[in-house]
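Residues per chain are reported as follows:
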Amino acid sequence: MAVNAKKIAVYVLVVFASYVIITDPSKAADYVQIGFEGISDAAKAIGDFMTWLADGAQ
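Every value quoted in this text rests on a predicted model; they were computed, and no experiment measured them. (Residues numbered from 1 in each chain as written. Predicted model: local features only at pLDDT ≥ 70, side-chain atom pairs only at ≥ 80, totals over all residues. Heavy atoms only, no water.)

Turning to the overall build of the protein chain, a few remarks are in order. Assigned secondary structure in the protein chain consists of 2 helices and 0 strands. Taken over the C-alpha trace, the protein chain has a radius of gyration of 18 Å; the compact-globule value for 58 residues is 10 Å, which it surpasses by more than 25%. Once the C-alpha set of the protein chain is aligned to its principal axes, its extents read approximately 50 × 35 × 10 Å. Among the 58 residues that make up the protein chain, the fraction classed as buried is 3%. When the accessible area of the protein chain is evaluated, it comes to approximately 5100 Å², of which 71% is carbon and sulfur surface. The average position of the 4 basic charges and that of the 6 acidic charges among the side chains of the protein chain differ by 16 Å. (Helix = DSSP H or I, 4+ residues; strand = E, 2+ residues; numbered from the N terminus. Rg over C-alpha atoms; globule rule 2.2 N^0.38 Å. Buried < 20%, exposed > 50% of the residue type's maximum accessible area, 1.4 Å probe, protein only. Areas by Shrake-Rupley, 256 points an atom, 1.4 Å probe, with all protein chains shown as cover. Lys, Arg positive; Asp, Glu negative; His and termini not counted. Charge placed at Lys NZ, Arg CZ, Asp CG, Glu CD.)

Here it is, written out as structure tokens:
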């Protein structure tokens, strides 16, 4: 049952992404930019945390 739920969720996500890209490409580009900024911020935060740990957690 969980596999079917995952397949349905992926299908809904793909349909939504396709709809947004077709109906409003500029908004789709904004979503992609927001996603990449979020990934970049998360990677920076992990790097800062690892640096803090390497410095003795002080």
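Attention shifts here to a nonpolar patch on the surface. A cluster of nonpolar side chains, contributed by Ile 46, Phe 49, Met 50, Trp 52 and Leu 53, occupies part of the molecular surface with about 500 Å² of accessible area. Looking at the secondary structure, you find Trp 52 in helix α2 (residues 25-54). Overall, Trp 52 belongs to the partly exposed group, its relative accessible area being 40%. (Patch = residues over 30% accessible without salt bridge, like charges linked within 9 Å, V, L, I, M, F, W, Y side chains within 5 Å. Salt bridge = Lys/Arg side-chain N within 4 Å of Asp/Glu carboxyl O.)

With that settled, consider the environment of Lys 27. On the secondary structure map, Lys 27 appears in helix α2. C-alpha separation for the pair Lys 27 and Val 10, spaced 17 residues apart in sequence, amounts to 21 Å.

Turning next to the pattern of salt bridges. Summed over the entire model, instances satisfying the criterion amount to 1 salt bridge. A salt bridge links Lys 44 to Asp 48; the nearest nitrogen and oxygen atoms lie 3.1 Å apart. Taken as a pair, Lys 44 and Asp 48 lie in helix α2 at a separation of 4 residues, close to a single helical turn. Residue classification places Asp 48 among the partly exposed positions, given a relative accessible area of 42%.

Before going further, it helps to examine α2. Since the α-helix advances by 3.6 residues per turn, residues separated by three or four positions end up pointing in the same direction. Helix length check: α2 (30 residues) gives 43 Å between terminal C-alpha atoms against 44 Å at 1.5 Å per residue, within 8%. Positioned one or two residues after α2, Gly 56 has a phi angle of 95°, which is positive. (Expected span 1.5 Å × (residues − 1).)

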